[in-house]
Amino acid sequence: MQAKKKILLGISGGIAAYKSLLLIRLFVKNNYEVKVVVTKNALEFVTPLSIETLSKNKVYKDVFESTGEYSTDHISLTDECDTFVVAPATANVIGKFANGIADDALSTSFLAFNKPVLIAPAMNSKMYEHKSVQENMQKLKNQGVEFIEPNSGELACGYDGKGRMSEPEEIFQKTESMLKGENTSLVGKKIMITAGPTYESIDPVRFIGNYSSGKMGYAIADEFAKKGAEVILISGPVAIESPAGVYRKNITSAEQMFHECVRWMPEMDVVVMAAAVADYRPKSSAEQKIKKTDPQMDLPLVKTVDILSHLGTMKSEKQILCGFALETENEIANATKKLHNKNLDIIVLNSLNDQGAGFAHDTNKISIIDSDEKIKEFELKSKNEVAQDIVLHIVEKMKL
Ligand code: CTP
C-alpha cells in the first residue's frame, strides 16, 4: 500500500476558517494525512478541539511549547509534509509570507517549506484589491507559490465583491492536481465562452439563423476546462455534445444570449465571444404561422444588441475580452477596427478567403491581433489545435 500523502494545512484568522474544517474532512476522507498549523487569530474562529478531532492530529499553534522549550515541530512538519495549503490566508499572512517575516508558527513554517504551496486568500474586497496585497501576491507567484483566487459574492463584512474564500471542494481539487503534477494554471479561473448560432424568430415555425456549427467555441471551452478552469458555455442551438466538466447554458436568440452574458460577466476572468450572433432580427415575431397569401413578402428587420460591444463597456482592467471577426475583405484593418471599437484585448480573425477556414469546416486558419496591434498568424489547423493556440495566447496574457 502506498504511504499516505501528507498535507500541511495553515489556517489564519478569518471567518472563512470555518470552511477549513470542511477542507480537513475532505482531505481525511480521501486518505490524506493532515497536519494543521494555525495562527492565534485563527483560534478566535475555530477551536483546537474541532481541528484535532477532524484531523486526528495535534494542532500546531506556537513555536514555543507551554514548557517554555523551543520546539522544532515547524521544521519537522515542513520536512514530512508533501504540500502546504494555507486556507484562509488573510492579507496580513500574505504580507508576512511575501516579506520573509517569521513571527509565529504559520509564517515560520512557510519559510521552512520548500515544496509546493497553495494559498487561498480570503478578505474584504477592498483589501483584496489593494495594491500592497496585489503586489505581495505577485511576489509570491513569482516565487512559484500557487494561488486559488477568491470568489465574488456576499462577504461576511456585508460587502458584495471579490474576497470570499474558494470553496473547500475547489481547494481540495487544486491540491490534488498539484500533487499529481497536473497543469493547474487555470484552476479557480472563471471563463465564459459563447458558441454556435442564434435563431431569431419569424413566427412559431420559422427563424433567421446561420451556418455556425459551434465547433470552434466548443473546442475552446474544452481546452480551458482541460487546464482546470471553471467554464461556462453559453450556447446557441448546435448538434454537438458538451465538453466534459463544462457548465452549459442553452439559449436560442441574441437577446437571450445577451442576458446570460451580462449576468455572468462580472465574475469572469476571461470571456471569449465565439458565437455567430445574428446582427438583425425580425422587428416582431408573428404569434401564428404566417400564411403564404401575398405574392411577395417584406420582413422588416431591426438590429440586435451587439453583445461583445456591451461586454466591452462592462470590462474591468483585470478581465480579458476576446472577440472573433469573420471578414471577406480588408481583413486585418477591419478586425483591428472592431478590436478597438469594442474595447477588446484580443480579436481572432478568420478570413473566408482562406481555403478550409470558416463555418462548415473542421479546420480553421486564424490570425490573432492584440490591443497593441501585434499580429500573430497561424497555419491551417484542426479546430482543436486552433483552440489550443487561442487558449495558450490568452493564458500568456493572463500573466498568472
Ligand atoms: N457579436 C456580438 N453581438 C452581435 C454580433 C456580433 O457579440 N450582435 C460578436 C461576435 O460573437 C464576434 C464579434 O462580435 O465575436 C464580431 O462579429 P462580426 O459579426 O464579425 O462583426 P460585427 O461587429 O457584427 O460587424 P460586421 O457584421 O459589420 O462585420
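First, a word on what this report is: a plain description of the structure on this page. (Residues numbered from 1 in each chain as written. Predicted model: local features only at pLDDT ≥ 70, side-chain atom pairs only at ≥ 80, totals over all residues. Heavy atoms only, no water.)

**Structural notes on the pattern of salt bridges**
And then number 1: A complete count under the given rule lists 24 salt bridges for this structure.
And then number 2: The partner of Lys96 in a salt bridge is Asp104, and the shortest N-O contact between them spans 3.4 Å.
And then number 3: With a relative accessible area of 11%, Lys96 lands in the buried category.
And then number 4: Look at Asp104 and you get buried, because its relative accessible area is 16%.
And then number 5: The salt bridge partner of Asp269 is Lys162, with a shortest N-O separation of 4.0 Å. In this pair, Asp269 sits in the loop between helix 10 (254–264) and strand 14 (270–273) while Lys162 sits in strand 8 (residues 160–164), placing the two residues 107 residues apart along the sequence.
And then number 6: When salt bridges that share partners are traced, they join Glu149, Lys162, Lys189 and Asp269 into one network. (Salt bridge = Lys/Arg side-chain N within 4 Å of Asp/Glu carboxyl O. Buried < 20%, exposed > 50% of the residue type's maximum accessible area, 1.4 Å probe, protein only. Helix = DSSP H or I, 4+ residues; strand = E, 2+ residues; numbered from the N terminus.)

**Notes on the site of the ligand**
And then number 1: Taken together, 15 residues surround the ligand, and among them Met273, Ala275, Leu308, Phe324 and Lys342 come closest.
And then number 2: Interatomic distance of 2.7 Å between a backbone N/O atom of Ala275 and an oxygen atom of the ligand.
And then number 3: Within the backbone of Phe324, a nitrogen or oxygen atom sits 2.9 Å from an oxygen atom of the ligand.
And then number 4: Contact with the protein chains covers 75% of the free accessible surface of the ligand, which is 570 Å².
And then number 5: When residues of the shell around the ligand are traced back to their parent elements, those giving at least two are helix 11 (307–314) and strand 17 (320–327).
And then number 6: No other element matches strand 17, which puts three residues into the shell around the ligand.
And then number 7: Of the residues assigned to the shell around the ligand, the class counts are nine nonpolar, two polar and four charged. (Near = heavy atom within 4 Å. Polar contact = N/O pair within 3.5 Å; in protein donor to acceptor, adjacent residues only side chain to side chain. Areas by Shrake-Rupley, 256 points an atom, 1.4 Å probe, with all protein chains shown as cover. Nonpolar A, V, L, I, M, F, W, Y, C, P; charged D, E, K, R; others polar.)

**What about the packing of helix 9 (residues 215–226) against helix 13 (residues 383–398)?**
And then number 1: Their axes nearest at 8 Å, the elements helix 9 and helix 13 cross at an angle of 55°. The angle between helix 9 and helix 13 falls in the class oblique. Note that helix 9 runs across helix 13; the crossing there is right-handed. Facing Lys215, Met216, Ala219, Ile220, Glu223 and Phe224 of helix 9, the residues of helix 13 in contact are Lys383, Asn384, Val386, Ala387, Gln388, Ile390, Val391 and Ile394. (Axes fitted to C-alpha atoms, helices over the stretch in contact; angles between N-to-C directions. Parallel < 35°, antiparallel > 145°, perpendicular 65-115°, else oblique. Left-handed = near helix turned anticlockwise from the far one by under 90°. Contact = heavy atoms within 4.5 Å.)

**Topic: helix 8 (residues 168–180)**
And then number 1: Here helix 8 is 13 residues long and its end C-alpha atoms lie 18 Å apart, about the 18 Å a rise of 1.5 Å per residue gives.
And then number 2: Along helix 8, the positions that sit buried rather than exposed are Pro168, Glu170, Ile171, Phe172, Lys174, Thr175, Ser177 and Met178.
And then number 3: Positive phi appears at Gly181, one or two residues downstream of helix 8, with a value of about 75°. (Expected span 1.5 Å × (residues − 1).)

**Brief notes about unusual backbone geometry**
And then number 1: Residue Ala87 is joined to Pro88 through a cis peptide bond whose omega torsion reads 0°.
And then number 2: Mapped onto the secondary structure, Pro88 falls in strand 4 (residues 83–89).
And then number 3: Although it is not a glycine, Asn330 sits at a positive phi angle of roughly 40°.
And then number 4: Mapped onto the elements, Asn330 comes out in the loop between strand 17 and helix 12 (331–341).

**Focus: the environment of Gln319**
And then number 1: Tracing the chain through its elements places Gln319 in the loop between helix 11 and strand 17.
And then number 2: Spatially, the C-alpha atoms of Gln319 and Met265 are 9.2 Å apart, while their sequence positions differ by 54 residues.
And then number 3: Separated by 2.8 Å, the side chain of Gln319 and the backbone oxygen of Met265 make a polar contact.
And then number 4: In this structure the side chain of Gln319 is engaged in a polar contact, spanning 2.9 Å, whose partner is the backbone oxygen of Met268.

**Observations concerning a nonpolar patch on the surface**
And then number 1: Together, Tyr280, Met297, Leu299 and Leu301 line one region of the surface with nonpolar side chains, adding up to about 370 Å² of accessible area.
And then number 2: The class for Tyr280 is partly exposed, based on a relative accessible area of 42%. (Patch = residues over 30% accessible without salt bridge, like charges linked within 9 Å, V, L, I, M, F, W, Y side chains within 5 Å.)

**So, the pairing of strand 17**
And then number 1: Counting buried residues along strand 17, seven of its eight residues qualify, which places the element largely inside the surrounding structure.
And then number 2: Here strand 14 pairs with strand 17 via four bridges, running parallel. Bridge assignment links Met273 to a residue of strand 17, and that residue is Gly323.
And then number 3: Here strand 17 pairs with strand 18 (residues 346–351) via six bridges, running parallel. Residue Cys322 lies in a different strand from strand 18, and its bridge partner there is Ile346. (Pairing = 2+ DSSP bridges.)

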